[in-house]
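Residue-level structural notes
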Amino acid sequence: DAKTTQPPSMDCAEGRAANLPCNHSTISGNEYVYWYRQIHSQGPQYIIHGLKNNETNEMASLIITEDRKSSTLILPHATLRDTAVYYCIVGSWGKLQFGAGTQVVVTP
Amino acid sequence: DTGVSQDPRHKITKRGQNVTFRCDPISEHNRLYWYRQTLGQGPEFLTYFQNEAQLEKSRLLSDRFSAERPKGSFSTLEIQRTEQGDSAMYLCASSSSFRVNEAFFGQGTRLTVV
């Protein structure tokens with residue numbers, strides 16, 4: 001079973017920041033938090049990952065709480081092309097256990 | 001294009017037939033993964049190779065499924081005696097040892113068993 005809990009869907013206005021929450025209360029000390037997204041009919045795309053510290057790359061920022069039991073993915077300026085299913089995953093060494101994800105719809 | 005390549009993109013087969021899918025990972029990636037995704041669900045891990053060694057297999061991978069990576073480059077996934085429940089998208093991903101946490105996925109092979 002997936003180790004994460006995400007809202008099934010959320011909407012975001014184009015140009016605004018999208019904040020995607022994820023709960024992973026059973027995460028163990030050596031497990032990473034990963035975020036992937038899947039645009040319709042395509043394979044999943046890596047976004048970002050982190051262990052303890054907050055991370056930022058050209059696509060997004062990842063904020064992990066101090067107790068590591070939850071995290072938030074931030075898309076700073078959502079565009080229509082960011083409409084996708086976003087998966088929050090905990091695990092290690094690249095073996096990924098996907099849940100159902102959050103369907104994000106970016107609207108004009 | 002130097003991404004992960006999967007062939008074929010679509011396959012329709014009759015129940016009971018055997019099918020084989022191919023995955024060509026990114027050339028310098030030594031890790032290769034197979035996943036299966038059914039409609040409305042997230043991908044499910046099937047198996048994982050490091051170079052030519054198959055290091056882990058999910059319980060989802062029944063005896064009818066076999067995966068190989070003979071020279072540590074491309075991989076094949078064979079399903080024998082296909083069943084309607086095998087209908088799904090089969091995804092391949094690869095990663096390098098240096099950036100093991102970043103997996104790159106192919107576009108997948110969509111299998112329909114009729």
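Placed above this text is the structure.
A few points on the structure. Residue indices begin from 1 for each chain and proceed along its sequence in written order. To label them, take the chains in the order written and letter them from A, then take the ligands in the order written and number them from 1. Residues qualify for local features only when their pLDDT is at least 70, as the model is predicted, and side-chain atom pairs are given and counted only at 80 or more; totals for whole chains, interfaces and linings, by contrast, use all residues. The side-chain quantities take in all heavy atoms of the structure and omit both hydrogens and water.

Section: the interface of chain A and chain B
Contact between two residues is taken to exist if any of their heavy atoms lie within 4.5 Å; hydrogens are not considered. On the side of chain B, 19 residues touch chain A, which itself brings 17 residues to the contact. Summing both partners gives a buried area of about 1,500 Å² for chain A against chain B, and 53% of it is carried by carbon and sulfur. By convention in these notes, a salt bridge is any Lys or Arg side-chain nitrogen within 4 Å of a carboxyl oxygen on Asp or Glu. Where chain A packs against chain B, one counts 0 salt bridges. For the purposes of these results, a polar contact is taken to be a pair of N or O atoms within 3.5 Å, where, inside protein, one atom must be able to donate a hydrogen and its partner to accept one; residues adjacent in sequence count only when each atom of the pair is a side-chain atom. At the junction of chain A and chain B, the tally comes to 5 residue pairs in polar contact (both at pLDDT 80 or more). Strands here mean DSSP runs of E at least two residues long; helices mean DSSP runs of H or I at least four residues long; both are numbered from the N terminus. At the level of secondary structure, the elements contributing two or more residues to the side of chain A that touches chain B comprise β3 (32-38) and β4 (45-50) of chain A. Summed over both partners, the accessible surface that disappears when two parts come together, traced with a 1.4 Å probe, is what is meant by buried area.

Structural notes on the sheet that holds strand β7 (residues 70-75) of chain A
Residues and elements named next belong to chain A. Paired strands, in this sense, are two strands between which DSSP finds at least two bridges. As summarised here, the arrangement of the 4 strands in space is β2-β7-β6-β5, forming an open sheet in which the pairing is antiparallel. Across the chains shown, the open sheet's two edge strands, defined by having one partner strand only, are β2 (18-23) and β5 (55-56). In this sheet, β7 lies alongside β2 in antiparallel orientation, the contact comprising 6 bridges. Bridging from a neighbouring strand, Ala18 pairs with Leu75 of β7.

Considering the packing of aromatic side chains
All names here are of chain B. Note on aromatic contacts: the rings of Phe and Tyr and the six-membered ring of Trp form a pair at centre separations within 6.5 Å, being stacked when their planes are under 30 degrees apart, edge-to-face when over 60 apart, and tilted otherwise. Under the definition given, this model contains 12 aromatic pairs over all chains. Seen in terms of ring centroids, Tyr35 and Phe105 are 5.4 Å apart; in terms of plane orientation they differ by 50°. Their pairing is tilted. Linking Tyr35 in strand β4 (residues 31-37) with Phe105 in strand β10 (residues 104-105), this pair joins segments that are 70 residues apart in sequence. When a residue's accessible area, from a 1.4 Å probe over protein chains only, is under 20% of the maximum for its type it is buried; when over 50% it is exposed; and in between it is partly exposed. Tyr35 sits in the buried class, given a relative accessible area of 0%. For Phe105, a relative accessible area of 12% translates into the label buried.

Observations regarding the layout of surface pockets
Of the two site types, the cavity is a set of points on a 1 Å grid over the protein atoms alone where a 1.4 Å probe fits but cannot get out, and the pocket is an open set with protein on both sides within 12 Å along at least five of seven lines, each lined by residues with an atom within 4 Å of a point. Grid points are joined across faces, edges and corners, and a volume is the space filled by probe spheres set on the points. Here the second largest pocket defines a volume of roughly 460 Å³. Lining the second largest pocket are 24 residues, and of these Gln38, His40 and Ser41 of chain A together with Gln37 and Gly40 of chain B lie nearest its centre. When residues of the lining of the second largest pocket are traced back to their parent elements, those giving at least two are β8 (84-91) and β9 (102-107) of chain A together with β9 (88-95) of chain B. In terms of residue count, the dominant contributor to the lining of the second largest pocket is β8 of chain A (3 residues). Residue classes follow a fixed rule: Ala, Val, Leu, Ile, Met, Phe, Trp, Tyr, Cys and Pro count as nonpolar, while Asp, Glu, Lys and Arg count as charged, and any other residue, Gly among them, counts as polar. Broken down by class, the residue content of the lining of the second largest pocket amounts to 9 nonpolar, 14 polar and 1 charged.

Side note on the state of the cysteines
Our working definition of a disulfide is a cysteine sulfur pair at a distance within 2.5 Å. All told, the structure shown has 2 disulfides over all chains when counted by the stated rule. Shown here is the disulfide that connects Cys22 of chain A with Cys88 of chain A, its sulfur atoms set 2.1 Å apart. Its torsion about the S-S bond being -85°, the disulfide of Cys22 of chain A and Cys88 of chain A is classed as left-handed. Of the two residues, Cys22 of chain A is situated in strand β2 and Cys88 of chain A in strand β8; the sequence distance between them amounts to 66 residues. Judged on exposure class, the residue Cys22 of chain A and its partner Cys88 of chain A are both buried. The disulfide that involves Cys23 of chain B links it to Cys92 of chain B, with 1.8 Å between the sulfurs. Given an S-S torsion of about -70°, the disulfide between Cys23 of chain B and Cys92 of chain B has left-handed geometry. Of this pair, Cys23 of chain B sits in strand β3 (residues 19-24) while Cys92 of chain B is found in strand β9, placing the two residues 69 residues apart along the sequence. Judged on exposure class, the residue Cys23 of chain B and its partner Cys92 of chain B are both buried.

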